[in-house]
Amino acid sequence: MAQRVSVNDAAAGSKRTSRVRVAVRLRPYLDKQDEKGEGPCVRGLGPQKLEIINWRNATETLEYQFDVFHGEQTTQQEVFLTSVKPILPHILSGQNASVFAYGPTGAGKTHTMLGSQEQPGIIPRAVREVFNLVGAQEKEQDGWEYFVAMSYLEIYNEKVLDLLSPSSQDLPIREDKDRNILIPGLTHTPLSSFTDFDTHFIPASLNRTTASTKLNQRSSRSHAILLIKVVKSQRGPPHRQQTGKLYLVDLAGSEDNRRTGNQGIRLKESGAINLSLFTLSKVVDALNAGAGGRVPYRDSKLTRLLQDSLGGSAHSVMITNIAPEYSYYFDTFSALNFAAKSKQIVNRPFIRETVVVPVFAPSKRAREEQEAGGSGEPQIKRSKQGKKAEQPPSPPTQPHSSPDSSVLDRLLALEKMMMGSAERERLNLLKTVAQSRKEIQMLKEKQKELEDKANMFKKQNGVTESREGLLFKTDLPPLHRKQSTAAKPRKQQAVVTPLQVSQVQPLLQSVLVCKPSQTLEKKKRVKAEICEGKENRDVDPSSAEDVNWESHLDSALLEQSRKKILQTLNSGSLKELKSLQLIGDKKAKLIMGWREIHGDFTQVEDLKKIEGITVKRFSSFIKANILSSMGK
């Protein structure tokens, strides 16, 4: 069983918090850049102080104080011993450390970090010191094994590129459940010695993007980050494992494009560099402001990777490189202000440890079951009783006979402590949630089965209802329609009067000359109205006409017309549906929508199921379309 343990380095005597240490290194004065003979604009006042001329008043100076000030004559060895070496032992105790160089372009950052073959920089010296510390620990034979690996990447135009694998594309930046920053797909190369590191590091450094500008012949166009990972594993139980990381960062310098003369691709590179450094300054300001506000780590990939170094859990050292020339005055002034703000940042380092607890009890029970031959519970109990009987009655007489018993007791106590009440409650809650999900799934399946049965039952009932409707079909209109006509007796009497009939007859005779097929039907209707109108004035002639008009037609023609209308309803297009009588654009679309959902119409009477088509409207529709088709 493995558990991540966060332990403050109290045993080593360090504090729970660690402030970012800031060192300032002044580059030597270059005579070739001193065209006006103005001299330096900054000078050191001691091992921690320096002063710079006030640009508002040339007769005044501004003083700064940092953890360390490295003057022009300071060597690479002195910079390493004073600023970097003190934080390296933390890596072997499972903590993180970071060293990054900051400053304007041409101030000597890459020289500080990489150096030359004659004067190696911080990176080769730090890696050599890590292997020296690992070798010293292995010689002591303290029961630990050490594994060292390296990764090397650059951030170019806001793209994370693997320098150990130049063919790789832009790599993503992720965060695990413990809020550790990681890069999936990044190459991790195991190292056995410093020579092995040199073999991989030198070709990878040549893959870094550089270019020439007016201020620097070999200007870095990207931020380079070297990661050294040290894993410390315990050989014996409880097999603890501690992981420490060392970040060595060479930042690209901020650039003034008016002085560097950047154009085209160089201008785009400098824009990406300045934007990431501006985001870095915003992160420092947010950390100094405190009050639990938002820290914009995610606004840039550089600040995302430096999240552990600034306000995180690493022992951090920032080396600010500055130049003494007046042409670099404002760049130097800005770099000193940034360094002064950075030294106020507080980190909270902790030990990253994984404890692997071997579970002995189950293995013992498994061996006992195997020895018993799987015969069941009684033999296991007898074997346990036999073992108890064989044990000596006074175990305190041999306190040192079993040295592993105390270790086993401690491990079992540790397991019980980790499997405390809170852990049991969490496991019980997980079991309850899983059981509830299983019950919900079973209820869903039962509900689906019931819905399927209900749908089948509805379909069967629909078929029987349609058959019963065909058997008991009548030509009489619904009863509620008779009530609605009886509610308006005055309107019905006004429609059927002798004067109105006498005026209609000449009109029908005149129409009979033009359209004999249509006027013949109208003449029959008028005669029926004349016969019935005088005897019963309370009956609506139009309703009587609607009831008896089909009886005057041939049943074969009537059935043929109904089939034709049904065919149009089932297979007709929008235009064909609109060609039917009393069917407009809206009703045609409703018919097509009903047809897509419910399928074809089984009979013409199914048209009543469509919204807006009442019984009276349906009878008018049937009458109009059948008479129209017969007239054609």
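Caption draft 1: Representation of the confidence of the model for the protein chain. Mean pLDDT over the protein chain: 76, with 70% of residues reaching 70 or higher. Below a pLDDT of 50 lies the segment residues 373-384, which in the model reaches five contacts outside its immediate sequence neighbourhood of four places, other chains included. Taken as a whole, residues 470-474 scores under 50 in pLDDT and shows three contacts with residues more than four places along the chain or in a different chain.

Caption draft 2: Main features of the pairing of strand β8 (residues 96-102). Counting buried residues along β8, seven of its seven residues qualify, which places the element largely inside the surrounding structure. Of the two faces of β8, the one lined by Asn96, Ser98, Phe100 and Tyr102 and the one lined by Ala97, Val99 and Ala101 are each fully buried. When β8 meets strand β18 (residues 314-322), the two strands line up parallel, connected through seven bridges. Residue pairing in the sheet places Val99 in a bridge with Val317 of β18. Inspection of the sheet shows β8 paired to strand β17 (residues 241-250) by five bridges, in the parallel sense. Among the inter-strand pairings, Ser98 is bridged to a residue of β17, identified as Tyr247.

Caption draft 3: Layout of the sheet that holds strand β4 (residues 42-44). Taken in spatial order, the three strands of this open sheet run β4-β5-β6, and their pairing is antiparallel. Taken across any chain shown, the strands that pair with only one partner, and hence form the sheet edges, are β4 and β6 (61-65). Strand after strand, the sheet turns through a mean of 20° between neighbouring axes, direction not considered. Sheet analysis places strand β5 (residues 49-53) next to β6, joined by five bridges and oriented antiparallel. Bridge assignment links Ile53 to a residue of β6, and that residue is Thr61. Strand contacts of helix α8 (residues 329-342): β5 and β6, with the helix running at about 140° to β5, the strand carrying the most contacts.

Caption draft 4: Representation of the side chain of Asn54 within the structure. Mapped onto the elements of the fold, Asn54 is located in the loop between β5 and β6. The exposure class of Asn54 is buried, given its relative accessible area of 9%. The residues touching Asn54, leaving out its near neighbours within four places in the chain, are Glu60, Thr61, Leu62 and Tyr329.

Caption draft 5: Representation of a negative patch on the surface in the model. Taken together, Glu445, Glu449, Glu451 and Asp452 make up a surface patch of like negative charges. With respect to the secondary-structure elements, Glu451 resides in helix α12 (residues 421-471). Residue Glu451 is classed as partly exposed on the basis of its relative accessible area, which comes to 43%.

Caption draft 6: How the structure looks around the packing of helix α1 (residues 76-84) against helix α3 (residues 122-140). One way to put it is that α1 packs onto α3 with a least axis distance of 10 Å and a crossing angle of 55°. One way to sum up the angle between α1 and α3 is to call them oblique. Considering only the axes of α1 and α3, their crossing is right-handed. When α1 is examined against α3, the residues Gln76, Gln77, Val79, Phe80 and Val84 are found in contact with a partner set consisting of Ile122, Arg125, Ala126 and Glu129. Taken together, the residues of the contact of α1 with α3 break down into five nonpolar, two polar and two charged.

Caption draft 7: How the structure looks around unusual backbone geometry. Positioned with a positive phi, Asn157 is a non-glycine residue whose angle comes to about 55°. Within the secondary structure, Asn157 is located in the loop between β9 (144-156) and β10 (159-162). Residue Leu582 is not a glycine yet carries a positive backbone phi of 65°.

Caption draft 8: Structural view of the pattern of salt bridges. In this structure the tally under the stated criterion is 16 salt bridges. Between Arg562 and Glu605 there is a salt bridge; the shortest N-O distance is 3.0 Å. With Arg562 in helix α18 (residues 555-571) and Glu605 in the loop between α20 (585-598) and α21 (615-631), this pair connects stretches of sequence that are 43 residues apart. Residue classification places Arg562 among the buried residues on the basis of a relative accessible area of 12%. Given the relative accessible area of 19%, Glu605 is considered buried. Each member of the salt-bridge network shares a partner with another, and the members are Glu175, Arg298 and Arg304.

Caption draft 9: Molecular detail of the packing of aromatic side chains. A complete count under the given rule lists nine aromatic pairs for this structure. Summarising the aromatic geometry, the rings of Phe194 and Phe197 are spaced 5.8 Å apart at their centres and angled 40° between planes, so their arrangement reads as tilted. With Phe194 and Phe197 both in helix α4 (residues 194-206) and three residues apart, this pair spans about one turn of that helix. Per residue, the accessibility class of Phe194 equals that of Phe197, and both read buried. A connected cluster of aromatic rings, assembled from ring pairs, spans Trp55, Tyr329, Phe330 and Phe333.

Caption draft 10: Structural context of α3. The terminal C-alpha atoms of α3 lie 27 Å apart, and with 19 residues this matches the ideal 27 Å at 1.5 Å per residue to within 8%. Every buried residue of α3 is listed here: Ile122, Ile123, Pro124, Arg125, Ala126, Val127, Glu129, Val130, Phe131 and Val134. Backbone geometry just downstream of α3 places Gln141 in the positive-phi region, at approximately 55°.

Rules behind the numbers
- Residues numbered from 1 in each chain as written.
- Predicted model: local features only at pLDDT ≥ 70, side-chain atom pairs only at ≥ 80, totals over all residues.
- Heavy atoms only, no water.
- pLDDT = per-residue confidence, 0-100.
- Contact = heavy atoms within 4.5 Å.
- Buried < 20%, exposed > 50% of the residue type's maximum accessible area, 1.4 Å probe, protein only.
- Helix = DSSP H or I, 4+ residues; strand = E, 2+ residues; numbered from the N terminus.
- Pairing = 2+ DSSP bridges.
- Axes fitted to C-alpha atoms, helices over the stretch in contact; angles between N-to-C directions.
- Patch = residues over 30% accessible without salt bridge, like charges linked within 9 Å, V, L, I, M, F, W, Y side chains within 5 Å.
- Areas by Shrake-Rupley, 256 points an atom, 1.4 Å probe, with all protein chains shown as cover.
- Salt bridge = Lys/Arg side-chain N within 4 Å of Asp/Glu carboxyl O.
- Lys, Arg positive; Asp, Glu negative; His and termini not counted.
- Charge placed at Lys NZ, Arg CZ, Asp CG, Glu CD.
- Parallel < 35°, antiparallel > 145°, perpendicular 65-115°, else oblique.
- Left-handed = near helix turned anticlockwise from the far one by under 90°.
- Nonpolar A, V, L, I, M, F, W, Y, C, P; charged D, E, K, R; others polar.
- Phe/Tyr/Trp six-rings, centres within 6.5 Å; stacked < 30°, edge-to-face > 60°.
- Expected span 1.5 Å × (residues − 1).

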